[in-house]
Amino acid sequence: MSFILSLLDVTSWSAPSWILVATLLFALWTVNRQTLSPSKVEKSRDQTPVNPTANGGQSKIKSYSTRPKQRRAKKGDTSGEVTGGCCNVEEDEGCCSSNAGESCCKSSSKPATPTSETAIPIENVPDREDTEEIDDEKRITLKILFATQTRTSRTLSYRLKELVEANVPLVKEVEVLNIADYENEDLMTEKSPVVFFLSTYTEGSPTEDAAWFYQWLEDTRFDHRVNKQCMKSLRFAVFGLGDSVYEENYCTVAKRVDKWIGELAGRRICPLALGDKSDDTEHQFITWTKLFLSRINGVANHLSIAGEDNLDDFVEEGDYESSEEEEEEAATGSGDELMDLEDMGAMAAKIKSAKQQRTEEEAALSSNKGGPKRRIGTKDAEERPEKLIKEMVTPMLRKSLEKQGYKIVGTHSGVKICRWTKSMLRGRGGCYKHTFYGIESHRCMETTPSLACANKCVFCWRQHTNPVGTEWRWKMDDAVDIVDGAMDNHYKMIKQLKGVPGVKPERFEEAFTIKHCALSLVGEPIMYPKINEYVDILHSRNVSSFLVTNAQFPDAIENLKPVTQLYVSIDAGTKEDLKKIDRPLFRDYWERFLACLDALGKKGQRTVYRLTLVKDKNDSTLDSYVTLISRGNPDFIEVKGVTYCGFSGASHLTMKNVPYHHEVLTFCKDLCERLGGKYEVACVHEHSCSVLIADKARYYKDGGWWTWIDYNRFFELIREGKPFTSEDYMERTPDWGVVGDERGGFDPEETRFYRKGRIPAGEEGQR
Ligand SMILES: Cc1cc2nc3c(=O)[nH]c(=O)nc-3n(C[C@H](O)[C@H](O)[C@H](O)COP(=O)(O)O)c2cc1C
Ligand code: SF4
């Protein structure tokens, strides 16, 4: 042992020891370098095909001897697939768990490791010996510029880099850069072909990193000092990222950049392509990439033979109109076949026929239904021809949501076990709904029949991995199937908790009879056109229903059957703030929001406004909340401090936006004061920074608060089928739940558990 220690004591080493160690280190470094040397990497590309047909087979480079055609790639062919890495496009936004504090690949500065098909075959592979003969000076550099918020564009950029490196030996180097790090003016003298991956955000705007470039490019077109042919030497291609639900704002940034560079005489290597979040971005990317690889090979080949000139065969004409047709081509390609340049004629015919078929189908629909648009609650979606209706949860989205812990039920529903369910199973306390309304958290299922919604709220738990839409446009599952599916999955998750330290056997048993359903997981439950059938099934099984809606569908609120408790989310007090916080899809979002409050006021049911306080964002406009409360006249107002879900490129919320419990309480007291005494703070749940404000006239009786629910009575009332009100099934709130009680809303039958390093509840500073 002392010998080893003396070896570790470097200060005692003699000169020969130093020389020995240095020699060993050098030898190790050399071996390692050889393992990773480019020639080794090249060897692994040995079989990678390249397409000389892109230059008409007339390459003057001796090395491009043509080999017989390789087999064509089939969709799903994974031969040559590189596995590993979490930021491939399939997980573009969802690869990171939303839990704060978890290690996150998004924060890594390392490029995403693609799981891409690096072996996308371009036909006629050059022989290994031949490619080695290519003079390095003849090989070109490709630049990829991306602009992103949630990293999809960045991920695709690195995937394209990998694919080009694996498939196009004439490209020596692929540089991937954030567009903000590129000198805009260099586009006018750029020698390397440039590919842009650009995403579009609110109202068709560019991302922050692209804003300067976008403005510069727009201005350049009108700058009389600038030659309108200034980008003549630029070979470029644009891939846009967006979401077609934004209709006329769909991929605006990419469309415009493609158009503007074209107007400045830039030469397109490849048509504009659009990756649609509501469709299959992965498929669109692969289809476009196949075309791009063959084109860039042609461009590289010509550049290396003929230099700057003689490129006309390999660039698209610079006019924007023609690229729409091309865009269609990229979108409709089957992805199964390789598009050689000679195949383009056949492809054009295919696109034309696909277009015609679609027009005919749409026309048939319009004549049947009086228009192709589908509305929530109508049967249009159900009656659309099967092949036009897509599933809401694509395989890519499924993977991403499953990573975040959701169990996907059918094609549009999800269920997830709540942390309070686990907590109550272990006798460590229930959630705020236990304190406020007597919910048994260990028997509560949190689910949604629609993972889609019509917003992009900054505090969304899903970090924007879910689909969005203003109407139901997906395949629709039967209500009974999704209730069954959600319950089965919930029970499976409960089963997995067997044997977890602290789980109480009697609670574990009870958990196999669900008593409550919180339709508030994510998404918009009332978007599901069969929501009434859904709640009927729950009630018939003696399961209570707490349904939360985001106040964008007033008709659906009006048509909704009685639920145990109906919530609307009030995410802001003013039109401007609502736009900033919820980032709604509807242009008339404010009118819809107000109409929802009016509809709620007329329901005559047990209703709740749910306010999520985001410090410095929606906590300052008290008077505007007063107006909204007077409008919908809810029974309760639940106020909760926002929960920090970790950083998401699309959100920008930080811990600074999370209010302290005392700040939430002060806000509530101020609010009650401004409401003139009609409402009062009734309960608190300090644990989760939640406060309940109740209508005093309705819920304060016999010297106490009656915010709890008699669930059995509710089911009886439903079965009786006669009209009833919230006062018919209220129950007295236990003392420990009432504001001012020293237990802070913690059930005395439970045992408080403090995680190491956590501040005990009720203490100053608790969030
Ligand atoms: C708040 C928000 C607003 C958006 N607005 C638009 C839009 O106006 N048009 C569009 O085509 N896509 C829009 N999108 C969709 C994004 O462009 C799409 O999610 C894209 O894949 C994001 O790419 P990125 O991950 O590289 O940022 C929006 C997304 C969010 C979160
Ligand atoms: S409405 Fe809900 S699900 Fe939709 S974005 Fe907002 S928080 Fe997320």
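Residues numbered from 1 in each chain as written. Chains lettered and ligands numbered in written order. Predicted model: local features only at pLDDT ≥ 70, side-chain atom pairs only at ≥ 80, totals over all residues.

**A short note on the overall build of the protein**
Helix and strand counts for the protein come out as 24 helices and 21 strands. The buried share among the 767 residues of the protein stands at 46%. Counting only contacts in the protein whose residues sit at least 6 apart along the sequence, the fraction spanning at least 24 positions is 77%. (Helix = DSSP H or I, 4+ residues; strand = E, 2+ residues; numbered from the N terminus. Buried ≥ 20, exposed ≤ 12 C-beta atoms within 10 Å, placed from the backbone. Contact = placed C-beta atoms within 7 Å.)

**Describing the site of ligand 1**
In the region of ligand 1, 25 residues are neighbours, and Thr 148, Thr 150, Thr 152, Ser 199 and Gly 242 sit closest. When grouped by side-chain class, the residues that make up the shell around ligand 1 number six nonpolar, 13 polar and six charged. Per-domain counts for the shell around ligand 1 show at least three residues from each of domain 2 (137-356) and domain 3 (396-723). (Near = placed C-beta within 6 Å. Nonpolar A, V, L, I, M, F, W, Y, C, P; charged D, E, K, R; others polar. Domains from an automatic or database assignment.)

**A short note on the site of ligand 2**
Within the structure, ligand 2 sits among nine residues, and Cys 453, Asn 455, Cys 457, Cys 460 and Asn 550 are positioned closest to it. Residues that form the shell around ligand 2 fall into these classes: four nonpolar, three polar and two charged.

**Things to note about helix H19 (residues 575-582)**
All of the buried residues along H19 are Leu 578, Ile 581 and Asp 582. Along the axis of H19, the buried positions cluster into a sector of 75 degrees, meaning they face one direction only. On the buried face of H19, the contacting elements are helix H20 (589-603). Just downstream of H19, Arg 583 is the residue with a positive phi angle, here 45 degrees. (Arc of directions from axis to C-beta.)

**Overview of helix H21 (residues 622-632)**
Taken together, the buried positions of H21 are occupied by Tyr 625, Leu 628, Ile 629 and Gly 632. Burial along H21 is one-sided: seen end-on, the buried residues are contained in an arc of 100 degrees. Elements that come into contact with the buried residues of H21 comprise strand E13 (565-570), H20, strand E14 (607-613), strand E15 (636-641) and helix H22 (661-674). Among the residues trailing H21, Asn 633 stands out with phi positive, at a value near 45 degrees.

**Some points on the sheet that holds strand E12 (residues 544-549)**
Read from one edge to the other, the open sheet built from ten strands follows the order E8-E9-E10-E11-E12-E13-E14-E15-E17-E16, with strand pairing classed as mixed. The two strands at the open ends of the sheet, each matched to only one other strand, are strand E8 (407-409) and strand E16 (679-685). The mean inter-strand angle of the sheet, taken between neighbouring strand axes irrespective of direction, is 25 degrees. When strand E11 (residues 516-519) meets E12, the two strands line up parallel, connected through four bridges. Bridging across to E12, Ala 518 finds its partner in Phe 546. Strand contacts of helix H15 (residues 479-495): E8, strand E9 (413-416) and strand E10 (444-448), with the helix running at about 25 degrees to E9, the strand carrying the most contacts. (Pairing = 2+ DSSP bridges. Axes fitted to C-alpha atoms, helices over the stretch in contact; angles between N-to-C directions.)

**Topic: the packing of H21 against H22**
One can describe the packing of H21 onto H22 by two numbers: an axis separation of 10 Å at closest approach and a directional angle of 60 degrees. Viewed along their axes, H21 and H22 adopt a mutual orientation that is oblique. Where H21 crosses over H22, the two elements pack in a sense that is right-handed. Contact with H21, carried on its side by Leu 622, Asp 623, Tyr 625 and Val 626, involves Asp 670, Leu 671 and Arg 674 of H22 and no other residues of that element. Here the contact of H21 with H22 is built from residues that sort into four nonpolar, no polar and three charged. (Parallel < 35°, antiparallel > 145°, perpendicular 65-115°, else oblique. Left-handed = near helix turned anticlockwise from the far one by under 90°.)

**So, the nonpolar core**
Val 639 and Ile 693 are the most contacted members of the largest nonpolar core, which has 108 residues in total. Beyond its immediate stretch of four places on either side in the chain, Ile 693 contacts Phe 636, Ile 637, Val 639, Cys 668, Leu 671, Cys 672, Tyr 679, Glu 680, Val 681 and Ala 682. Judged by nonpolar contacts, the second largest core, of 54 residues, contains Phe 197, Met 231, Trp 288 and Ala 300. (Core = buried A, V, L, I, M, F, W, Y, C linked by C-beta atoms within 7 Å.)

**A look at the pairing of E12**
When you tally the buried positions in E12, you get six out of six residues, the bulk of the element. Alternating residues of E12 divide into Ser 544, Phe 546 and Val 548 and Ser 545, Leu 547 and Thr 549, and every residue in both groups is buried. Handedness of the β-α-β unit built from E11, helix H17 (residues 531-540) and E12 comes out right-handed. Note: E12 against E13, four bridges, orientation parallel. Paired with Phe 546 across the bridge in E13 is Gln 565. Handedness of the crossover joining E12 and E13 through helix H18 (residues 554-559): right-handed. (Right-handed = clockwise from strand over helix to strand, strands pointing away.)

**Some details on the confidence of the model for the protein**
As a general rule, the predicted coordinates of low-pLDDT regions are not to be interpreted in detail. Across the protein, the average pLDDT comes to 75, with 67% of residues at or above 70. Note that pLDDT drops below 50 for residues 121-129; the model gives that stretch 40 contacts with residues more than four away or on any other chain. We note a pTM of 0.61 for the whole complex and an ipTM of 0.89 for its interfaces. (pLDDT = per-residue confidence, 0-100.)

**Observations regarding the packing of H20 against H21**
Two elements in contact, H20 and H21, have axes separated by 7 Å at closest approach and are oriented at 45 degrees. By the angle between their axes, H20 is oblique relative to H21. Residue-level inspection shows Leu 594, Leu 597, Asp 598, Leu 600 and Gly 601 of H20 in contact with H21, the latter providing Leu 628, Arg 631 and Gly 632. Here the residues of the contact of H20 with H21 sort into four nonpolar, two polar and two charged.

**What about the environment of Arg 139?**
Examined against the element boundaries, Arg 139 turns out to sit in the loop between helix H4 (128-132) and strand E1 (140-147). Expressed as a C-alpha distance, the spacing of Arg 139 and Glu 173, which sit 34 residues apart in the sequence, is 8.3 Å.

**Details of the environment of Thr 564**
Within the secondary structure layout, Thr 564 lies in the loop between H18 and E13. For Thr 564 and Ile 718, which are 154 residues apart along the polypeptide, the C-alpha to C-alpha distance reads 9.6 Å.

**Digging into the environment of Cys 460**
Here Cys 460 is to be found in the loop between E10 and H15. Cys 460 gets classed as buried once you count the C-beta atoms within 10 Å, which come to 21. Along the backbone, Cys 460 and Val 522 are 62 residues apart, and their C-alpha atoms lie at a distance of 8.0 Å.

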